[in-house]
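So the chains spell out like this:
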Amino acid sequence: MNKTHLLIAAAALFAGITLSAETLKSPGGVLSLEFTLAENGTPTYSLTRGDQAVVKTSRLGFDLFGDDADLHSGFSVDNVVYDSLDETWQPVWGEEAEIRNCYNEMKVSLSQPSGRRMDIRFRLYDDGLGLRYEFPQDNALNYFNIREELTEFAMTGDHTAWWISGDYDTQEYFYTRSKLSEIRGLTDEVRIGNASETFVSPTAVQTALQMKTDEGLYINIHEAAVVNYPTTNLDLDDKTFTFRTWLTPDALGVKGRMQAPCKTPWRTVMVVPKATDVLASRLILNLNDPCALDDVSWIHPTKYMGVWWEMIAGDSSWSYTDDYPSVQLGVTDYSKATPNDTHGANNENVRKYIDYASANGFDAILVEGWNEGWEDWIGNFKDYVFDFVTPYPDFDIAALNAYAHEKGIRIIMHHETSSSTVNYERHIDKAYDLMNKYGYDAVKSGYVGDIIPYGEYHYSQPIINHYLLCVTKAAEKHIMVNAHEAVRPTGLCRTYPNLIGNEAAMGTEFKSTVPPGHTSILPFTRLQGGPMDFTPGIFEHDLSKINSWSDEHLRYTIANQLGIYVTFYSPLQMAADYPENYDRFKDAFKFIKDVAVDWDKSVYISAEPGDHIVTARHPKLSTLNAAQESVARLADGRKNALSGAARFVYALPENATADDLVGATPRDVWYVGGVCGPEARDIKLKFDFLPKGVKYEATIYADGPDADYETNSQSYTITRKTVTSKTTLPIHMVASGGFAISLRSVN
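Residues numbered from 1 in each chain as written. Predicted model: local features only at pLDDT ≥ 70, side-chain atom pairs only at ≥ 80, totals over all residues. Heavy atoms only, no water.

Chemist: What am I meant to see in the nonpolar core here?
Modeler: Nonpolar side chains tend to gather and get buried jointly when the protein is soluble and globular. If you look at the biggest cluster of nonpolar residues, it comprises 113 residues, and the most contacted ones within it are Trp309, Ile365 and Tyr671. With near-sequence residues (within four places) excluded, Ile365 lies in contact with Tyr304, Met305, Gly306, Val350, Tyr353, Ile354, Ala357, Ile409, Arg410, Ile411 and Ile412. With 55 residues, the next largest nonpolar core counts Leu37, Val55, Tyr82 and Phe153 among its residues. (Core = buried A, V, L, I, M, F, W, Y, C linked by side-chain atoms within 4.5 Å. Buried < 20%, exposed > 50% of the residue type's maximum accessible area, 1.4 Å probe, protein only. Contact = heavy atoms within 4.5 Å.)

Chemist: Whenever I open this one, empty space enclosed by the protein confuses me. Can you help?
Modeler: Sizing a probe to match a water molecule and rolling it over the atoms shows the empty space that remains. All chains considered together, the criterion is met by six cavities of 30 Å³ or more. Empty space within the largest cavity amounts to approximately 240 Å³. Lining the largest cavity are 23 residues; nearest its centre among them are Tyr467, Leu468, Val471, Val487 and Leu499. Here the lining of the largest cavity takes five residues from helix α9 (residues 461–476), the largest share from any one element. Looking at the lining of the largest cavity residue by residue, the classes come out as 18 nonpolar, four polar and one charged. Taken as a whole, the second largest cavity encloses approximately 140 Å³ of empty space. The set of elements that each furnish at least two residues to the lining of the second largest cavity consists of α13 (626–632) and α14 (644–649). The dominant element in the lining of the second largest cavity, judged by the number of residues it contributes, is α13, at three residues. (1 Å grid on protein atoms, 1.4 Å probe; cavity = no way out; pocket = protein on both sides within 12 Å on 5 of 7 lines; lining within 4 Å. Points joined across faces, edges and corners; volume = space filled by probe spheres on them. Helix = DSSP H or I, 4+ residues; strand = E, 2+ residues; numbered from the N terminus. Nonpolar A, V, L, I, M, F, W, Y, C, P; charged D, E, K, R; others polar.)

Chemist: Hey, could you run me through the packing of helix α8 (residues 421–438) against α9 in this one?
Modeler: When two helices pack together, you describe them by how their axes are tilted relative to each other and by the distance separating the axes. Their axes nearest at 11 Å, the elements α8 and α9 cross at an angle of 5°. Considered as vectors, α8 and α9 are oriented roughly parallel to each other. Between α8 and α9, the residues in contact are Thr421, Tyr424, Glu425, Ile428, Asp429 and Tyr432 and Ile463, His466, Leu469, Cys470, Lys473 and Ala474, respectively. Among the residues making up the contact of α8 with α9, the classes are represented as seven nonpolar, two polar and three charged. (Axes fitted to C-alpha atoms, helices over the stretch in contact; angles between N-to-C directions. Parallel < 35°, antiparallel > 145°, perpendicular 65-115°, else oblique.)

Chemist: Mind showing me how you'd approach the sheet that holds strand β23 (residues 302–307) here?
Modeler: The pairing of strands in a sheet comes from backbone hydrogen bonds and takes either a parallel or an antiparallel form. With parallel pairing, seven strands are arranged side by side in an open sheet as β28-β27-β26-β25-β24-β23-β29. With partners counted over all chains shown, the strands left at the sheet margins are β28 (499–502) and β29 (572–574), one partner each. The sheet shows a mean angle of 25° between the axes of neighbouring strands, taken without regard to direction. Strand direction decides the pairing type here: strand β26 (residues 442–446) and strand β27 (residues 480–484), joined by five bridges, are parallel. Bridge pairing in β27 places Val443 opposite Val481. (Pairing = 2+ DSSP bridges.)

Chemist: Whenever I open this one, the environment of Gly446 confuses me. Can you help?
Modeler: For Gly446, the location among the structural elements is in strand β26. Separated by 31 residues in sequence, Gly446 and His415 have C-alpha atoms that sit 6.3 Å apart. Not counting the four nearest positions on each side in its chain, Gly446 is found in contact with His415, Glu416, Thr417, Ser418, His484 and Glu485.

Chemist: Hey, could you run me through the side chain of Asp238 in this one?
Modeler: By secondary structure assignment, the location of Asp238 is in the loop between β18 (232–237) and β19 (242–247). A polar side-chain atom of Asp238 sits 2.9 Å from a polar atom in the side chain of Arg184. Excluding anything up to four places from it in sequence, Asp238 contacts Arg184 and Thr203. (Polar contact = N/O pair within 3.5 Å; in protein donor to acceptor, adjacent residues only side chain to side chain.)

Chemist: Please explain the packing of aromatic side chains as it appears in this structure.
Modeler: Here a ring pair, both rings aromatic, is described through the centre-centre distance and the interplanar angle of the planes. Applying the stated rule across the entire model yields 32 aromatic pairs. Look at Phe539 and Phe585: their rings are 6.0 Å apart centre to centre, the planes differ by 85°, and that puts the pair in the edge-to-face class. One end of the pair, Phe539, is in the loop between β28 and α10 (558–567); the other, Phe585, is in the loop between α11 (579–584) and α12 (586–594), with 46 residues separating them in the sequence. Grouping residues by exposure puts Phe539 and Phe585 together as buried. Where Phe591 meets Tyr671, the ring centres are 6.2 Å apart and the plane angle is 80°; that geometry is what we call edge-to-face. Of this pair, Phe591 sits in helix α12 while Tyr671 is found in strand β32 (residues 669–676), placing the two residues 80 residues apart along the sequence. With relative accessibility at 0%, the residue Tyr671 sits in the buried group. Taken together, the aromatic side chains of Tyr356, Phe362, Phe539, Tyr582, Phe585, Phe589 and Tyr716 make up a single cluster linked through ring pairs. One residue, Arg351, lies across the ring of Tyr403, its end atom 5.6 Å from the ring centre. Above the face of the Tyr384 ring, Arg426 is positioned so that its terminal group lies 5.9 Å from the ring centre. (Phe/Tyr/Trp six-rings, centres within 6.5 Å; stacked < 30°, edge-to-face > 60°. Lys NZ or Arg CZ within 6 Å of the ring centre and 35° of its normal.)

Chemist: Would you explain the packing of α10 against α12 in this entry?
Modeler: The geometry of α10 relative to α12 is characterised by a closest axis approach of 10 Å and an angle of 10° between their N-to-C directions. Classed by the angle they form, the pair α10 and α12 counts as roughly parallel. From α10, Ile558, Leu562, Tyr565 and Val566 reach across to α12, where they touch Ala588, Phe591 and Ile592. Class assignment of the residues belonging to the contact of α10 with α12 gives a composition of seven nonpolar, no polar and no charged.

Chemist: What should I look at first to understand the pairing of β26 in this one?
Modeler: Regular strands show a simple pattern: their side chains alternate between the two faces of the sheet. Counting buried positions along β26 gives five out of five residues, so the element sits mostly inside the fold. Alternating positions in β26 separate into two faces, Ala442, Lys444 and Gly446 on one and Val443 and Ser445 on the other, with burial throughout. Handedness of the crossover joining strand β25 (residues 410–416) and β26 through α8 is recorded here as right-handed. Handedness of the crossover is the feature at issue here: the chain leaves β26, passes through α9, returns alongside β27, and the resulting connection is right-handed. (Right-handed = clockwise from strand over helix to strand, strands pointing away.)

Chemist: Looking at this model, I keep getting lost on the sheet that holds strand β35 (residues 716–723). Mind explaining?
Modeler: The sheet built from six strands is open, its strands ordered β30-β31-β32-β37-β34-β35 with antiparallel pairing. In this open sheet, the two strands that pair with only one neighbour each are β30 (599–608) and β35. Neighbouring strand axes in the sheet, compared pairwise and without regard to direction, differ in orientation by 15° on average. Along the sheet, α10 contacts β30, β31 (612–619), β32, β34 (696–703), β35 and β37 (738–745); its crossing angle with β32, the most-contacted strand, is approximately 125°.

Chemist: Help me understand the environment of Cys262, please; the structure alone is not making it clear to me.
Modeler: Within the secondary structure, Cys262 sits in strand β21 (residues 262–263). Sequence spacing of Cys262 and Trp377 is 115 residues, and the spatial spacing of their C-alpha atoms is 38 Å. For Cys262, the contacting residues outside a window of four places in its chain are Tyr133, Glu134, Phe135 and Phe144.

Chemist: Help me out: how do you make sense of the pattern of salt bridges in this one?
Modeler: The tally for this structure, following the rule as stated, stands at 39 salt bridges. In this structure, Lys473 engages Asp429 in a salt bridge whose closest nitrogen and oxygen atoms are separated by 3.0 Å. Of this pair, Lys473 sits in helix α9 while Asp429 sits in helix α8, and the two are 44 residues apart along the sequence. (Salt bridge = Lys/Arg side-chain N within 4 Å of Asp/Glu carboxyl O.)

Chemist: When you look at the side chain of Arg494 in this model, what are you seeing that I'm missing?
Modeler: Structurally, Arg494 is set in the loop between β27 and β28. Here Arg494 falls in the buried class, since its relative accessible area comes to 7%. Non-local contacts of Arg494, meaning those with residues more than four positions away in its chain, are made with Glu87, Trp89, Asn101, Leu285, Asn286, Asn288, Asp289, Pro290 and Cys291.

Chemist: Before we go on, may I ask you to explain unusual backbone geometry in this structure?
Modeler: Backbone geometry follows two general trends: most residues other than glycine have a negative phi, and most peptide bonds adopt the trans configuration. Omega for the bond connecting Ala260 with Pro261 falls within 30 degrees of zero, at 0°, which places this linkage in the cis form. By secondary structure assignment, the location of Pro261 is in the loop between β20 (257–259) and β21. Residue Pro453 follows Ile452 across a cis peptide bond; omega there is 20°. Mapped onto the elements of the fold, Pro453 is located in the loop between β26 and α9. One non-glycine residue, Ala225, adopts positive backbone phi at about 60°. Here Ala225 lies in the loop between β17 (218–224) and β18. Look at Ala651: it is not a glycine, yet its phi comes out positive at around 55°. With respect to the secondary-structure elements, Ala651 resides in the loop between α14 and β32.

Here it is, written out as structure tokens:
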């Protein structure tokens, strides 16, 4: 921004001069944005990178309900204010210990002759743009309802895109790679049945949308900081290749009920020259507000196991009895019911998981199906479906928590709402109080099925507000939240770091529906807004070995499952398979035990959407044993627990305890992971991210030479090698395969 530009802006601010065009450059001069008013007073913008157009001239504004619905033309510019920021902030947990937030900003204040005012704030980073609408208090526009948001993203050509179909209720689809012009013809065949789904249009797709131009630029369109506003789809005009925001309506068709002063979420356009730059970008996090919590000492990354996959695989059930086709809480007497002998959340089975998790250095176990009501929970549009406090007769909540804490394990609470948000809000205070009473500090919530109140969607403004209500109430009770079937994340985990996980995508529970290579796309799309509870670590892929009636076979290798623990960032990682299956492959299971879940540095070595991802990460030592320390405070001062990652970093044996950490010296440790797309790939892995002059023992978990995700998915090799920063290692990944490496410095 030069001196002349600043003087013109200042003149506009103080003299009320109307400007029809303004330019904003990113801090390094990489990106340039131009704001203009068309002849009819319609605000527009365009974005370039160097001499390459990224977003052609695109309009901004809204259509409102009411007599004066036009909030997209007839504007004049009242003033333009510039600002900039260059700061470094520290996330509570994350992919690195520090994040730089460096941008230039331009706020354009607009008004219509009626006195209605609207500001548009542009933030320009070297790797992308954020823009949002703001409505000041001093305004003829006080209460207003949005019919349509008209924000456009006019692409420069028929880009290649990785996309899922537009929907108001779910992101649980597999990604399709196609040209923009092909979306219309493919939409019907890529939609699958979900418990709740609402089709948008033949050309609508969801964010985060990853694209690649013929010139090799990577463009990602998403949104940040969705608060008190619906989530958007992107509807494509496939003749001009222009996307427009397509907000999720509420039950009455309103796409936003607003009261000034207020603001919308950020609309984001990331544009970078390399695929690895997409993975390294922190654009979405930076556009969110700083942490709103005064005390974050109770928030800790967690590696867990649990009573879950056995239900997904069909081996056990969530429900306690088959006696009743319908139940009424407080009326149905479960003490008189005949147990169905398939209920997974029983005392004996839960203790088995506690024992196994404790012995192998895990932090917690999840238990689903512990509470009354599962006999008729789904498909009945039932309001009063769960009370979240009453356990089944075979789940002794007090005794199991005491047993878990003695073993250094926390139990993760499960709150399936069956999408009855009104019922959850009715019970949430008592439910969270019960968690506090028994020492649960994390909850997995679920929103399967159509939303109650009737007619609302998972992504509409009232339900967005419900999700945030749960997170903020949980923070007051020092509870971490992992929400499934909720809205896709938009970086709110920066503001509320107790939001440690979300699902909001097709995860492991979809079994054989998950296509080969799915895991090589998600970090470019769904994970852009925040971590995913993908629930990896499945070693037995032939589900007929669990249930003879099943013909499903999961479509990835064991090495692929190991690679996910590094390539998918999440402070909440599950080892989802049965303990018995890990016992069959103890040598491969060792990587899951050893790997950390929180990092102070991440290096994105090589990547291409849908093809492969290779990532290296360095653990954050301060959080290695945080989960065990939180349990020790509950267990009468017991401090004998030790996480598997801490054992690895400090080179301690399997039977080591936290007492052995006293005086121990940590080794320098790195982890590398790779996942492959639907075609095999050979890479040459350079270790130049390692410090020079230091030797490391590398344990390499790779696809076996005869590995095949369909016919031989459990074939893997484990080799050991001494490496330095000068080493280059050839690695072969089979289709839907991968690899994992643990590196520990040699004393």
